[in-house]
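# Fold and geometry: a report
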Amino acid sequence: GCTGTDSILVIVRAAFTPAVTASGPTRLCAGDSVMLTAQAGYRNYEWRDTQDSLVGNTASLVVKHAGAYTVTAADSSGCRGASLPVSIAVSPLPVPVIAGPRSICVNAQAQYAATASMGRKYLWEVQGGTLLAGQGTKIATVRWGGAGSGTIRLTETVDSSGCTGSTLDSVAIG
């Protein structure tokens, strides 16, 4: 009988997990975004979201929606490694509503109230009148000036998320 031998060289590369960094907080307010950047030095990148949909194919990804994002990178040998998921949370913006008169007599005083729930900070701004009391609270007292028009603006910030929303209402003075 004939006998033969052959050898094969097998190179086993260590598994890798590409690091991902965020350009800012991963807890966003609606309308904001954060850039996720994968560790440099790989040949290609594939970003996937919570539904495993392909959402990007470069080293960086701008994220505006809540979910868990992972990147799979390939090195020069074609070996692939996946990052740990990066979770992005998105909180809604508050939509302030002001209760109070929209038509008032010259030099009259009126109260305006935020209709929102607790856990918010309030900033009142008035044009055409003077804020007499209530800055930082849910109820503001305003003395309106001469005939014409004025405005009252309420900006609310949600304590738990830091998200801010604003509304501006006109007031007829006369």
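A brief look at the structure comes next.

With that settled, the discussion passes to the nonpolar core. Counting 17 residues, the largest nonpolar core has Ile 104, Tyr 112, Trp 124, Trp 144, Ile 152 and Val 171 as its most contacted members. Elements with a contribution of two residues or more to this core: β12 (109-114), β13 (120-127), β15 (139-144), β16 (148-158) and β17 (164-173). Listed in part, the 15 residues of the second largest apolar core include Leu 28, Val 63, Val 86 and Ile 88.

Now for the packing of aromatic side chains. Inspection of every chain in the model, using the stated rule, returns three aromatic pairs. On the numbers, 6.2 Å between centres and 85 degrees between planes, the contact of Tyr 42 with Tyr 45 is edge-to-face. Judged on exposure class, the residue Tyr 42 and its partner Tyr 45 are both buried. Ring geometry for Tyr 112 versus Trp 144: centroids 6.1 Å apart, planes at 85 degrees, classification edge-to-face. Here Tyr 112, found in strand β12, pairs with Trp 144, found in strand β15; they are 32 residues apart in sequence, far enough to count as distant. With relative accessibility at 0%, the residue Tyr 112 sits in the buried group.

A word on the pairing of strand β3 (residues 34-38). Side chains Val 34, Leu 36 and Ala 38 of β3 all project onto a buried face; the interleaved residues Met 35 and Thr 37 project onto a face where none is buried. For strand β1 (residues 20-22) and β3, the ladder comprises three bridges, and the chain directions are antiparallel. Paired with Val 20 across the strands is Ala 38, a residue of β3. The sheet contact formed by β3 and strand β6 (residues 60-63) spans four bridges and is antiparallel. Opposite Met 35, over in β6, you have Val 62 as the bridge partner.

Turning next to the side chain of Thr 155. Looking at the secondary structure, you find Thr 155 in strand β16. Looking at Thr 155, its side chain comes within polar contact range of the side chain of Ser 166, at 3.3 Å. Excluding residues that lie within four positions of it along the chain, Thr 155 makes contacts with Lys 121, Tyr 122, Leu 123, Glu 125, Thr 164, Gly 165 and Ser 166.

Attention shifts here to the sheet that holds β13. Reading across from one edge, β11-β17-β16-β13 is the order of the four strands in this open sheet, with mixed pairing throughout. Looking at which strands have only one partner, the edges of the open sheet turn out to be β11 (103-104) and β13. Relative to β17, β11 runs parallel, the two sharing two bridges. In the sheet register, Ser 103 faces β17, and the bridge partner there is Ala 172.

All right, on to the sheet that holds β1 then. With antiparallel pairing, three strands are arranged side by side in an open sheet as β1-β3-β6. What marks the edges here is a single partner per strand, and that holds for β1 and β6. Shown here is a sheet whose adjacent strand axes are inclined to one another by a mean of 20 degrees, direction ignored.

How each quantity is defined
Residues numbered from 1 in each chain as written. Predicted model: local features only at pLDDT ≥ 70, side-chain atom pairs only at ≥ 80, totals over all residues. Heavy atoms only, no water. Core = buried A, V, L, I, M, F, W, Y, C linked by side-chain atoms within 4.5 Å. Buried < 20%, exposed > 50% of the residue type's maximum accessible area, 1.4 Å probe, protein only. Helix = DSSP H or I, 4+ residues; strand = E, 2+ residues; numbered from the N terminus. Phe/Tyr/Trp six-rings, centres within 6.5 Å; stacked < 30°, edge-to-face > 60°. Pairing = 2+ DSSP bridges. Polar contact = N/O pair within 3.5 Å; in protein donor to acceptor, adjacent residues only side chain to side chain. Contact = heavy atoms within 4.5 Å. Axes fitted to C-alpha atoms, helices over the stretch in contact; angles between N-to-C directions.

Any link to function would need more than the numbers given here.
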